[in-house]
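# A look at the structure
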Amino acid sequence: MKKFLMLLVLSCAVLMTVGARGVSEGVSSGEDETLVVAVQALPITAVHAMAEMSNVSERIFYSVEETLIKTDYLDDGKMKPALAESWKLLDEKSVEFTLREGVLFHNGEEMTSEDVAFTFGSQILTGEDAPGKAVGGAFLSNIESVEAVDRYTVRITAKSPDALLITRFANNPTQIISKKAYMESDGWEEFSKMPVGTGPYRIVEFTDNVRIVLERFEDYWGEDAGTASKIEFRYVPELSTRIAGLRSGEFDIITEIPPDQAKAVDAMSGVKVVGGPVLNIYGMFFDETNSSPMKDKRVREAMTLAVDRELLVETLFSNLTTIPRNWQMRVFGDMYLADYPEVEYNPQRAKELLKEANYQGEKIIYRSLPGYYTLEQTVAEAVTQMWQDIGVNVELQIKENWSQITEDNDERHIINGSFSAYYPDPVGQFERRFGENGGGDGSFWHNSEQFNELCRKLETTVYTAERREIFKEMLDMFQSDPKGLYLYNLPMIYAIADDVQWEPIPIQAMDFTVRALKGF
C-alpha cells in the first residue's frame, strides 16, 4: 500500500514538472489591473448562495452577497454587525433585526426590510415550489414568517425553538438579494448567475466554463471595500497549465495546489504558497438504497475501518492537513466532544464484518471526479486499493461532471463529498449533511426515526449540556450504521505571485477586501 501511494506521488510530481517546462519566470506586463485567479472549476449553475452552495461558488459569492450578521474569519470567527447594525431575541423563536441605513445594492437601490422579507419569503424560500428551497431548506426550513415591521426593521419567527436562531443569519445561505432586481430579471436561473447583492464586488460577466468577472462596487457601504478594480476567475482545469500561467505572469493566484507538491511550487522563482486546512471535512457518501452490498450496514462499517487516514495524510498530503476527531471540528466550541474516539483503522475487523455480512465479492461502484477537490483522483485510487486489500471488489469510475456522479441508478454506491462547517456547530455540518433535511435522506439512505428525532432535538434544544449528549448519541448511532465516511480536513492550498499580498481565510471562500488583499 505504501509503495502504491509513493508511486502516485511521484507520477503527480513528474506531470507537474513536465507541464511547467520552458516557461519563463516572473514575466508580467504590469498594465492589467485585473486580478486573475485561475481555478480548477467554476460554479456549475449559479453564483447566488441559495442557488448553488459549493466550494467553487462560495469563493465567488463571498465577494458579491452579504448576510445580516458577519462571521469574521480574520478575527477568530466572531459574529459582528453587517447589513443589520443590531439584533435582539424577542423570545426563543423570534429575532428582530435593525437594518443599517443607506446600504445600496449593486443596482443602486437602497436595501430595506422588504428585501430581507423577500429573500426569506414564499417566492424564494418558503413556498412549496420556491426555487431556493433545494439549497436553503437544509438551513432555514424552521422559518415560520418574516415580517417587515418598518423600513429598517424586520422580524423573523421560527416554527419551533431554535438553538442557532442568531447564528443562521451570520452564515450561508442567508445572503440578502434585491427584490427589485429579481422581479426585473428573467427568473431564478438567470438571476442566480448574476445576483444583485450588497457586497464589495458586483458580477459583470458569467460565461459558462470560461470565466466569471467581478468589478469593485464603488458605492460599497462598509470599510472593508474591494481592493482590486476587477477580479477574473478563469477556468483552467489542468494544474500544470495553472502553474505555467502563474510563473509567466498570466495569473496572479492559482487554486488547488496538491499538498504533496506545495514545497516544490513554493521553491519556484517569483511564486509563493499559502493556505491550509479549511472548515470542511472531506469524505464520501454511501448509497444504501439500491441492490448492492452497501445495503448491509456491516459492509459500510467494514469500509470505514479499512481506510488508513494517517497514511493518506502523511504520504499524499505531506502532513499539511489533519484528521478530524470523528464527524466534528474544534470550531464547534462547547459542542466539540474532545474525548470522542476517532474511527479506528482496523482491516482485520473489517474482514470479519464482511464475513459476517456474507459478502461474496459483488461489485461495488465508486464514482469520483478527476480533480474537483484537491488530489481527488489520487485519493480515490488510494482508498480503492485499501478496500481491495480487505477483499472488497470496488470499481473506481472517474466521471466528467457532477450530474454523472449523482445520477440515481442501481450503480451509484459510493460518491465523494465535502462537509463544510457552515455553522460553528454540529447542526451546520454533521446534521446538515446526514439529517432528515440534509438532501441525501431518501435518495442515498434511510435514517431511522430515532436518528431523525435526535436531529430535531439537536436543533431545538437550547441547553449546551443536553445538546452535547444528543450529539454524542448521534455519533454513536452513526458508528455502527454509517451513511458515509470521513477522511481528513480538506486543505485549500494556493500559489500566488510574489508581488501579490493576499491572506486566505479558513473557509472555501476567497476574501478580496482591503483586509485580506493589500496594495494590488
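It should be emphasised that the depicted structure is a prediction, and the values quoted were computed from it without experimental measurement. (Residues numbered from 1 in each chain as written. Predicted model: local features only at pLDDT ≥ 70, side-chain atom pairs only at ≥ 80, totals over all residues. Heavy atoms only, no water.)

### Considerations on the overall build of the chain
Along the chain, the regular secondary structure elements total 17 helices and 18 strands. At 23 Å, the chain has a C-alpha radius of gyration in line with the 24 Å of a compact globule built from 520 residues. Referenced to the eigenvectors of the C-alpha coordinate spread, the extents of the chain come out at roughly 65 × 60 × 40 Å. Expressed as a percentage of its 520 residues, the buried residues of the chain come to 56%. Residue pairs in contact within the chain that sit at least 24 positions apart in sequence constitute 71% of those at least 6 positions apart. If you sum the accessible surface of the chain, you get close to 21,000 Å²; carbon and sulfur atoms cover 45% of it. Across the chain, the centroid of the 51 positively charged side chains sits 4 Å from that of the 83 negatively charged ones. (Helix = DSSP H or I, 4+ residues; strand = E, 2+ residues; numbered from the N terminus. Rg over C-alpha atoms; globule rule 2.2 N^0.38 Å. Buried < 20%, exposed > 50% of the residue type's maximum accessible area, 1.4 Å probe, protein only. Contact = heavy atoms within 4.5 Å. Areas by Shrake-Rupley, 256 points an atom, 1.4 Å probe, with all protein chains shown as cover. Lys, Arg positive; Asp, Glu negative; His and termini not counted. Charge placed at Lys NZ, Arg CZ, Asp CG, Glu CD.)

### Details of the packing of helix H10 (residues 297–305) against helix H12 (residues 347–356)
Here H10 crosses H12 at 165°, and the two axes come no closer than 8 Å. The angle between H10 and H12 places the two elements in the roughly antiparallel class. Where H10 crosses over H12, the handedness of that crossing is left-handed. Here Arg 298, Val 299, Glu 301, Ala 302 and Leu 305 of H10 come into contact with H12, specifically with Pro 347, Arg 349, Ala 350, Leu 353, Leu 354 and Glu 356. Class assignment for the residues of the contact of H10 with H12 results in 7 nonpolar, no polar and 4 charged. (Axes fitted to C-alpha atoms, helices over the stretch in contact; angles between N-to-C directions. Parallel < 35°, antiparallel > 145°, perpendicular 65-115°, else oblique. Left-handed = near helix turned anticlockwise from the far one by under 90°. Nonpolar A, V, L, I, M, F, W, Y, C, P; charged D, E, K, R; others polar.)

### With respect to the sheet that holds strand E9 (residues 211–216)
Reading across from one edge, E8-E9-E10-E1-E11-E16-E12-E15-E13-E14 is the order of the 10 strands in this open sheet, with mixed pairing throughout. Looking at which strands have only one partner, the edges of the open sheet turn out to be strand E8 (201–207) and strand E14 (394–398). For E8 and E9, the ladder comprises 6 bridges, and the chain directions are antiparallel. Each bridged residue has a counterpart across the sheet, and for Ile 203 the counterpart in E9 is Leu 214. Lying over the sheet, helix H13 (residues 376–389) contacts strand E12 (271–286), strand E13 (364–368), E14, strand E15 (414–420) and strand E16 (484–497), oriented at roughly 170° with respect to E14. (Pairing = 2+ DSSP bridges.)

### Focus on unusual backbone geometry
With an omega of 0°, the peptide bond running from Asn 172 to Pro 173 counts as cis. If you trace the backbone, Pro 173 turns up in the loop between strand E7 (153–158) and helix H6 (179–184). A positive phi angle, near 55°, is found at Asn 209, a position not held by glycine. Tracing the chain through its elements places Asn 209 in the loop between E8 and E9. Positive phi, normally seen in glycine, also occurs at Glu 256, with a value near 55°. Looking at the element boundaries, Glu 256 is found in the loop between strand E11 (253–254) and helix H9 (262–266). Look at Glu 256 and you get buried, because its relative accessible area is 7%.

### Digging into helix H17 (residues 464–480)
Along its 17 residues, H17 runs 25 Å from first to last C-alpha, staying within 8% of the 24 Å computed at 1.5 Å per residue. All of the buried residues along H17 are Arg 467, Ile 470, Phe 471, Met 474, Leu 475 and Phe 478. Taken end-on, H17 shows its buried residues confined to a sector of 135°, consistent with a single buried face. Along H17, exposed side chains directed more than 90 degrees from the buried face belong to Ala 465 and Glu 469. The secondary structure elements touched by the buried residues of H17 are helix H15 (430–434), helix H16 (449–460) and E16. (Expected span 1.5 Å × (residues − 1). Arc of directions from axis to C-beta.)

### Some details on the nonpolar core
In terms of nonpolar packing, the biggest core is built from 164 residues, with Phe 120, Trp 387, Trp 502 and Phe 512 touching the most fellow members. Element by element, the count of residues in this core is highest for E16, at 11 residues. Apart from the residues within four sequence positions on either side, Phe 120 is in contact with Met 50, Leu 125, Thr 126, Leu 140, Ile 143, Val 146, Ile 156, Phe 169, Thr 174 and Ile 176. (Core = buried A, V, L, I, M, F, W, Y, C linked by side-chain atoms within 4.5 Å.)

### Here we look at the pattern of salt bridges
If you walk through the whole model with that rule in mind, you get 33 salt bridges. For the salt bridge of Glu 96 with Arg 155, the shortest nitrogen-to-oxygen distance reads 2.8 Å. One end of the pair, Glu 96, is in strand E5 (residues 94–99); the other, Arg 155, is in strand E7, and 59 residues separate them in sequence. Of the residues examined, Glu 96 reaches a relative accessible area of 13% and is grouped as buried. Residues joined by salt bridges that share partners form a network here, namely Asp 72, Asp 75, Lys 78, Lys 80 and Arg 515. (Salt bridge = Lys/Arg side-chain N within 4 Å of Asp/Glu carboxyl O.)

### With respect to the sheet that holds strand E6 (residues 143–150)
Strand order in the open sheet formed by 4 strands is E4-E5-E7-E6, with antiparallel pairing between adjacent strands. Each edge of the sheet is formed by a strand with only one pairing partner; in this case those strands are strand E4 (84–91) and E6. Strand-to-strand twist of the sheet, defined as the mean angle between neighbouring strand axes without regard to direction, takes the value 20°.

### Let's talk about H13
The end-to-end C-alpha separation of H13 is 20 Å, in line with the 20 Å expected for 14 residues at 1.5 Å each. Those residues of H13 not exposed but buried are Glu 376, Thr 378, Val 379, Ala 380, Ala 382, Val 383, Thr 384, Met 386 and Trp 387. Where H13 terminates, the next one or two residues include Gly 391, which has phi positive at roughly 100°.

### A few points about the pairing of strand E2 (residues 69–72)
Judged from the 4 bridges that link them, E2 and strand E3 (residues 78–81) form a sheet pairing that is antiparallel. Considered in E3, the bridge of Asp 72 is made with Lys 78. From the end of E2 to the start of E3, which pair antiparallel, there are 5 residues, and Asp 76 there has a positive phi angle of about 55°.

### A word on the side chain of Asn 489
In this structure, Asn 489 sits in strand E16. With residues near it in sequence (within four places) discarded, Asn 489 still touches Pro 277, Asn 280, Ile 281, Thr 321, Thr 322, Ile 323, Pro 324 and Met 329.

### Examining the confidence of the model for the chain
Of all residues in the chain, 93% attain a pLDDT of 70 or more, and the chain-wide mean is 91. Scored below 50 in pLDDT, residues 2–31 shows 44 contacts in the model against residues more than four places distant or in partner chains. (pLDDT = per-residue confidence, 0-100.)

### Structural notes on the packing of H16 against H17
Where H16 meets H17, the axes come as close as 10 Å, and the angle between the chain directions of the two elements is 150°. Taken as axis vectors, H16 and H17 run roughly antiparallel relative to one another. The way H16 lies across H17 gives a crossing that is left-handed. Contact with H16, carried on its side by Gln 450, Phe 451, Leu 454, Cys 455, Lys 457 and Leu 458, involves Arg 467, Ile 470, Phe 471, Glu 473, Met 474, Met 477 and Phe 478 of H17 and no other residues of that element. The class makeup of the residues in the contact of H16 with H17 is 9 nonpolar, 1 polar and 3 charged.

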